[in-house]
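Coordinates in review
The lines below spell out each chain.
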Amino acid sequence: MIDNNNIVLITDSDIIAKSVLAKLILLRENDKISVCSVHNAKSVIKNSTFSVALLVKTAEYSDDEILKIITSIKSVKNDIEILLLLPEYNSETVIKAYDCGIYDYLL
């Protein structure tokens, strides 16, 4: 089965969503990106076949809140690859995010 919505972008900001979507280049024709809010992420991922999640950290969420979100997502779908999009590098946050289960991070 080919999933036409195999990537989910998780953000509460429409501006960030538009910016990220404009910058991403998908390599396969059947790759598609869906967008959901942080508040709905757990239920959206639980009821889907997403294989990759792009989680955007904004000033709205503290480091601890982002770590809880990562843990929550991994609790419903442990094999999803989470890419954490950060506004700036913070080694402590990145290390803790890896411990929670992210696949990688981007600035």
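Residues numbered from 1 in each chain as written. Predicted model: local features only at pLDDT ≥ 70, side-chain atom pairs only at ≥ 80, totals over all residues. Heavy atoms only, no water.

**As for the environment of threonine 93**
Here threonine 93 is to be found in helix 4 (residues 91-100). Given a relative accessible area of 5%, threonine 93 falls into the buried group. Note: C-alpha distance between threonine 93 and serine 48 (45 residues apart in sequence) is 28 Å. Excluding its chain neighbours within four sequence positions, the residues that come into contact with threonine 93 are Asp63 and Leu67. (Helix = DSSP H or I, 4+ residues; strand = E, 2+ residues; numbered from the N terminus. Buried < 20%, exposed > 50% of the residue type's maximum accessible area, 1.4 Å probe, protein only. Contact = heavy atoms within 4.5 Å.)

**Regarding the pairing of strand 3 (residues 52-56)**
Strand 3 sits mainly inside the fold: 5 of its 5 residues count as buried. Covered by surrounding structure in strand 3 are Val52, Leu54 and Val56 together with Ala53 and Leu55, the residues of both alternating faces. When strand 1 (residues 7-10) meets strand 3, the two strands line up parallel, connected through 4 bridges. Opposite leucine 9, over in strand 3, you have leucine 54 as the bridge partner. (Pairing = 2+ DSSP bridges.)

**Here we look at the nonpolar core**
Membership of the largest hydrophobic core comes to 22 residues, with the highest contact counts inside it found for Ile10, Ile45, Leu55, Ile70, Ile73, Ile82 and Leu84. Of all elements in the fold, only strand 1, helix 2 (41-46), strand 3, helix 3 (63-76), strand 4 (81-85) and helix 4 reach the threshold of two or more residues within this core. Here the element with the most residues in this core is helix 3; it accounts for 5 residues. (Core = buried A, V, L, I, M, F, W, Y, C linked by side-chain atoms within 4.5 Å.)

**What to know about the pairing of strand 2 (residues 33-36)**
Every regular strand shows the same layout, with side chains that alternate between the two sheet faces. Alternating positions in strand 2 separate cleanly, Ser34 and Cys36 being buried on one face and Ile33 and Val35 remaining unburied on the opposite face. In terms of strand pairing, strand 1 meets strand 2 through 4 bridges, oriented parallel. Note on strand 2: the bridge partner recorded for isoleucine 7 is isoleucine 33.

**What to know about the environment of asparagine 90**
Relative to the helices and strands, asparagine 90 is located in the loop between strand 4 and helix 4. A residue is classified by how much of its surface remains accessible, and asparagine 90, at 33% relative accessible area, is partly exposed.

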